[in-house]
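Close look at the chain arrangement
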Amino acid sequence: MDFALTSEQREIRELALKFARNEMIPLAQEYDEKGTFPTEIFKKAWELGLINVCIPAEYGGPGFTGLDGVIIGESLAYGCMGMNTSFMANDLALLPIVIGGTDEQKKKFLTPFTQEFKIASFCLTEPGNGSDAGGIKTSIKDGGDNWIINGEKMWITNAGYADLFVVYGTIDVTLKHKGISAVIVDAKTAGIVLGKKEDKMGHRSSDTRGVRFNNVKVPKENMLGKPGEGWAIAMSTLDHSRPLVASSALGGAQRALDLSIQYAKERIQFGVPIAKHQAVQFMIAEMGMKIEASRLLVHKAAWMCDQGIKNTEVASYAKAFASDSCMQITTDAVQIYGGYGYSKEYPVEKLMRDAKLIQIYEGTSQIQRLVMSRELLK
Amino acid sequence: MNIFVCVKQVPDTETKIIPTSDGSFIETASIKWIMNPYDEYAVEQALLIKTTIPEANVTVVRVGSVKDTEALRTAMAMGADEASHVAAGDNLDSYSIAKALKGAIEKTGRKPDIILAGKQAIDDDCLQVPQILAEMFNLPSVSVIVGFEMNGTTVKVKREVEGGALEVYEIATPVVLACNKGLNTPRYASLPGIMKAKKKPLAQLSLADVGVTDADRRVKYSGFKLPPEKPAGKKFDATDAAKQKDVVAQVVGLLRTEAKVL
Amino acid sequence: MANVLVFTELHDGHVKPVTLEILGKLAGQSADIAVIGDISAEQIAILAKNGAQNVHKLKGANLDKYSPEGYANALAEFIKSKNYDYVFGGATSMGKDLLPRLSTKFQAGLASDVVNFTMDGGVFAGTRPLFAGKCLAKVELTGPKPHFVSIRPNALGMTPNPTAGAGAASDVNANAGEIRAAIKEIIKAASTKVDLTEANIIVTGGRAMKNAENFKILNDLADVIGATVGASRAAVDSGFAPHAMQVGQTGKTVAPSLYIACGVSGAIQHLAGMRTSKVIVAINTDPDAPIFTKADYGIVGDLFTIVPILTEEFKKLLGR
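Each chain carries its own residue numbering, running from 1 in the direction its sequence is written. Chain labels run from A onward and ligand labels from 1 onward, assigned in the order the entries are written. With pLDDT at 70 or above as the cut-off, local features in this predicted model cover only qualifying residues; side-chain atom pairs require 80 or more to be listed or tallied, and sums for whole chains, interfaces and linings still use all residues. Derived side-chain values reflect all non-hydrogen atoms in the structure, with water molecules and hydrogen atoms excluded from consideration.

Describing the overall build of chain A
Under the scheme used here, helices are H or I runs from DSSP no shorter than 4 residues and strands are E runs no shorter than 2 residues, and both carry numbers assigned from the N terminus. Scanning chain A for helices and strands turns up eleven helices and ten strands. Expected size for 378 residues packed as a compact globule is a radius of gyration near 21 Å; at 21 Å, chain A falls within 12% of this value. Overall size of chain A, expressed as C-alpha extent along the three principal axes, is 80 × 45 × 40 Å. Burial statistics for chain A: of 378 residues in total, 57% are counted as buried. The contacts in chain A between residues at least 6 apart in sequence include a share of 75% that link residues at least 24 apart. Surface exposure of chain A reaches about 15900 Å², of which carbon and sulfur atoms provide 56%. When the 43 positive and 44 negative side-chain charges of chain A are each reduced to one mean point, those points stand 3 Å apart. With the radius of gyration taken over C-alpha atoms, the globule rule is written as 2.2 Å times the number of residues to the power 0.38. Between buried and exposed lies partly exposed: a residue is buried under 20% and exposed over 50% of the maximum accessible area for its type, with that area taken using a 1.4 Å probe on protein chains only. Contacts were defined at the residue level, with two residues in contact if any of their heavy atoms lie within 4.5 Å. Here, Shrake-Rupley sampling with a 1.4 Å probe gives the accessible areas, and only protein chains in the shown set may cover a residue. Charge assignment: positive for Lys and Arg, negative for Asp and Glu; neither His nor the chain ends contribute. Note that the charge is assigned to NZ on lysines, CZ on arginines, CG on aspartates and CD on glutamates.

Now the structure itself:
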């Protein structure tokens, strides 16, 4: 068993980390405070090939494996979890097309993302349906030549800047998840109304809004698979996207650890650096242990995907473990910094605020445990 | 047009340097290796020239051992066309390195029009190799360049000297140029670039292939040790008006003779 | 005893101090000077006082301005006509550029940036920093002679009572040879100050500055020593300086060789921005100010009296 990254993966990680340090970290604090969408940074990352990692080579993509993708995800999240949420949302939206699209759909919708800088949003959650995704109410009605979409989506990342929406709705609410279907919607289509930008605890540079669809007409050929196949596509997507989201938690946790070690060596209390106090040493040890375990889970989940092995419970392990660990690790980072950690002058309180969301989106830590137990008790 | 860029792989600036127990060198086992930062400006300048002369060939040459994240691969990922690697230890002296670089360049069969390198490598800080190389090739050289313009086969460069003044040189190629920070902004190696780099030619050579032996060493290092601990800070009482001038004079003197910062 | 040639540069007609440092350390060897162009009798006397036996003035066409090839050709021809074991020079801008070309003309080695050396039995053994000064190593030369050595300025220090030499001056016909890279023009340094993050010397004002106008005394000091002026968060928050000048956790991180903190308490946020400074000088009226735990040289006193005195002393030291 070879745990080592290939030399190419090391180069990819080097590039992504360099980008995170030089481009993201210097602006992370300011963008978080002001809630500035990182358009320029997003574009630069795209120019370097760090965005849309999921697009296959046949459609103009970089031809990355899932493992390459999580390596990039961790590195960019090291720079800023909030900005990375914006970057990753492209993959969350495009993955359903990669997984459930026809060859024409892939050429029509994926390839342009490799030729021009574009932003995408993935629309599943509704005001009344988050964890209970199977009960979504947005309707997709057969309008003869088109599908007609009506409904309200909530907490949509990149909504204010998206060129493309991938929308989950239902052809018949009574069919429950068997009615769920996915359609690709051009953001310029008439009838799409963006809500106000949400004022969030963390990931504040990420643009999150409600999106209302009022009789939005979408060409018939924009549906992914047949009506009712959306749920299967969504579930399959999660097996790919959960490791990716987990890698974001991993990157944030690593940053928190690095900052904690640096501070613990400098801050002197009771005559010695606090790194000499066992209470602090044990916190740092826990951080290191959890990060290593998170990384192994994230890498294995991604590797299984690449091997074509069903990875549902490992993907859940990775997402829940990495995000729960990140929450604990960033909280401890603030604790290690003490009073200074509580101040916005120091970078750790942002990490703690950012960590919280990763326990919530892409399937809450509680939903993950349902998935895990269901798989284990089959 | 044939452009050659000499790069070196060096320990990352954050690396903790630990002398070996016998003092013969430093511990290299857990070092993170990077492309010498000054060489990045050289690679970038070569690529900028290539933008104006697309048929130009940019070959990157390196003398040293094989480590993770090869500087040559990074240079090719940035856009260099091909590379030559002369396998050798990491503590060759400047003379041997320059001779090996010359041999590797000659082995390509292409006559150099412009040879670029960083002004110094941040491991041995010798600032010699580009000038030695120029002398070995019997070519003109300018070191510490912070400005570059090219007009046909004439190159106009600005060299930075003490005090921040700039010497302007105009030279006909072929020429050797040693680059300093501020010359340009090195581009990132893009991910597509990293993928393309895998297919670019990388010639592997030995020191014997380029005619370098132990007899070419001119400078010997030994007795590697950590610098002495900084002495504890000194505190001077300058509250007494009568003594103030003397106290300040004393500190200024120490800054020159003891701290050696002025 | 070794035959040594020391290449000398002049600055405004004055011999660069590094030459005198080298001469002092070469006591017991036979040391000659080579200079390109003319040199005053007064300077020759200084060289003699510090140990120079002969002062060779290399004169010829195309040597009025520095060029790596011209100077290297001229010196090489001269050295070939003599029998030197060693050629020393200062590791200055010129020295770093010239000496590697010159040594290669002899297929000889150059030990560069040496900070100390001995000549036991006429054999050079030096010490030099490596890895950006993170370690030191012993350096020796081997192979064809003469061996070349470049010495870091201000590292050896001046020898207090140097042994004088004869200082016999003579002209040498020097040949610049073919020069392909020549200086076309010299652009004087811009008067704009170096950015804090790049500055080699920084002077910072803290809350004790009391107002923005008082920063003038720091600017005066900075002008003399070529420093950039910074400010602590307390000074910026109080409106004494703009945020662009702030050094610290939410300001700029700096890494100068010399950092002079005036009226700065040394709060942890400030230290975060400047703790990698090589040498730290602190001026504060409070002897218990945290900055003194980090300062290499702490002066307990009122910055308003100390800083002007400091400016005067630096003027004297640097001959400004």
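A few points about the sheet that holds strand β12 (residues 219-225) of chain B
Here, a strand pair is defined by DSSP locating no fewer than two bridges between the strands. Across the sheet, which stays open at both edges, the four strands sit in the order β12(B)-β10(C)-β9(C)-β8(C) with antiparallel pairing between neighbours. Each edge of the open sheet carries a strand with a single partner, namely β12 of chain B together with β8 (116-118) of chain C. Across this sheet, the average inter-strand angle for adjacent strands is 30 degrees, counted without regard to direction. Strand direction decides the pairing type here: β8 of chain C and strand β9 (residues 125-130) of chain C, joined by three bridges, are antiparallel. Considered in β9 of chain C, the bridge of Phe117 of chain C is made with Gly126 of chain C. In this description, a line fitted to the C-alpha atoms serves as the axis of each element, helices being fitted only across the stretch in contact, and the angle between N-to-C directions of two axes falls anywhere from 0 to 180 degrees.

Some remarks on the layout of surface pockets
Residue and element names in this part refer to chain A. A cavity here means a set of 1 Å grid points, computed over protein atoms only, where a 1.4 Å probe fits but cannot escape. A pocket is an open set with protein on both sides within 12 Å along at least 5 of 7 lines, and lining residues have an atom within 4 Å of a point. Grid points are joined across faces, edges and corners, and a volume is the space filled by probe spheres set on the points. Volume-wise, the second largest pocket comes out at about 1300 Å³. The wall of the second largest pocket is formed by 46 residues, among which Thr125, Ile360, Tyr361, Glu362 and Gly363 lie closest to the centre. Going through the elements one at a time, α4 (81-100), β1 (120-123), β3 (146-157), α6 (230-266), α10 (348-358) and α11 (365-376) are the ones with two or more residues in the lining of the second largest pocket. Looking at which element gives the most residues to the lining of the second largest pocket, the answer is α6, with nine residues. Its residues assigned to classes, the lining of the second largest pocket comprises 20 nonpolar, 17 polar and nine charged. Each residue gets one label: Ala, Val, Leu, Ile, Met, Phe, Trp, Tyr, Cys and Pro are nonpolar, Asp, Glu, Lys and Arg are charged, and the others, such as Gly, are polar.

Section: the interface of chain B and chain C
Each side of the interface is counted separately: chain B has 76 residues, and chain C has 74 residues. For the chain B face of the interface with chain C, the top three residues by lost area are Glu135, Arg218 and Leu262 of chain B, together amounting to 10%. What makes a salt bridge here is a side-chain nitrogen of Lys or Arg within 4 Å of a carboxyl oxygen of Asp or Glu, nothing more. Between the two partners, chain B and chain C, sit seven salt bridges. Note that Glu313 of chain C is salt-bridged to Lys245 of chain B, the shortest N-O span being 3.7 Å. Under this definition, polar contacts are N or O atom pairs within 3.5 Å; protein pairs additionally need one hydrogen-donor-capable and one acceptor-capable atom, and for neighbouring residues in sequence, both atoms have to be side-chain atoms. Put simply, chain B and chain C have 41 residue pairs in polar contact (both at pLDDT 80 or more) between them. Contributing elements (two or more residues each) for the side of chain B that touches chain C: α4 (129-137), β7 (141-151), β8 (154-160), β9 (166-172), β12, β13 (234-237) and α6 (241-257) of chain B. Among the elements that line the side of chain B that touches chain C, the one with the most residues is α6 of chain B, at ten residues. Classifying every residue of the side of chain B that touches chain C gives 38 nonpolar, 14 polar and 24 charged. The pairing of β9 of chain B with strand β13 (residues 183-187) of chain C spans four bridges and is classified as antiparallel. Paired with Val168 of chain B across the bridge in β13 of chain C is Glu185 of chain C. Two parts lose some accessible area (1.4 Å probe) when they are put together, and adding that loss for both gives the buried area.

Focus on empty space enclosed by the protein
Residues and elements named next belong to chain B. A full pass over the atoms with the stated rule returns six cavities of 30 Å³ or more. Of the voids in this model, the largest cavity is the one considered here, and its volume is about 220 Å³. Residue lining of the largest cavity: 20 residues in total, with Lys8, Ile97, Ala121, Val129 and Pro130 positioned closest to the centre. Taken together, the elements giving at least two residues each to the lining of the largest cavity come down to β1 (2-7), α3 (94-107), β6 (114-118) and α4. By residue number, the principal contributor to the lining of the largest cavity is α3, which donates three residues. Considered class by class, the residues forming the lining of the largest cavity number eleven nonpolar, five polar and four charged. Within this model, the second largest cavity holds a volume of roughly 110 Å³. For the second largest cavity, the lining is made up of 16 residues, of which Lys8, Gln9, Asp90, Asn91 and Asp123 are closest to its centre. Listing elements by their share of the lining of the second largest cavity, those giving two or more residues are β2 (9-11) and β4 (57-64). Looking at which element gives the most residues to the lining of the second largest cavity, the answer is β4, with three residues. In terms of residue class, the lining of the second largest cavity is built from eight nonpolar, four polar and four charged.

What to know about the packing of α6 of chain A against helix α8 (residues 312-337) of chain A
Residues and elements named next belong to chain A. Where α6 contacts α8, the axes come no closer than 8 Å and their chain directions differ by 20 degrees. In terms of axis orientation, α6 runs roughly parallel to α8. Classified by chirality, the crossing of α8 by α6 is left-handed. Its residues assigned to classes, the contact of α6 with α8 shows 16 nonpolar, six polar and three charged. For classification purposes, an angle smaller than 35 degrees is called roughly parallel, one larger than 145 roughly antiparallel, one from 65 to 115 roughly perpendicular, and anything else oblique. With the far helix as reference, a near helix turned anticlockwise by less than a right angle produces a left-handed crossing, and one turned clockwise produces a right-handed crossing.

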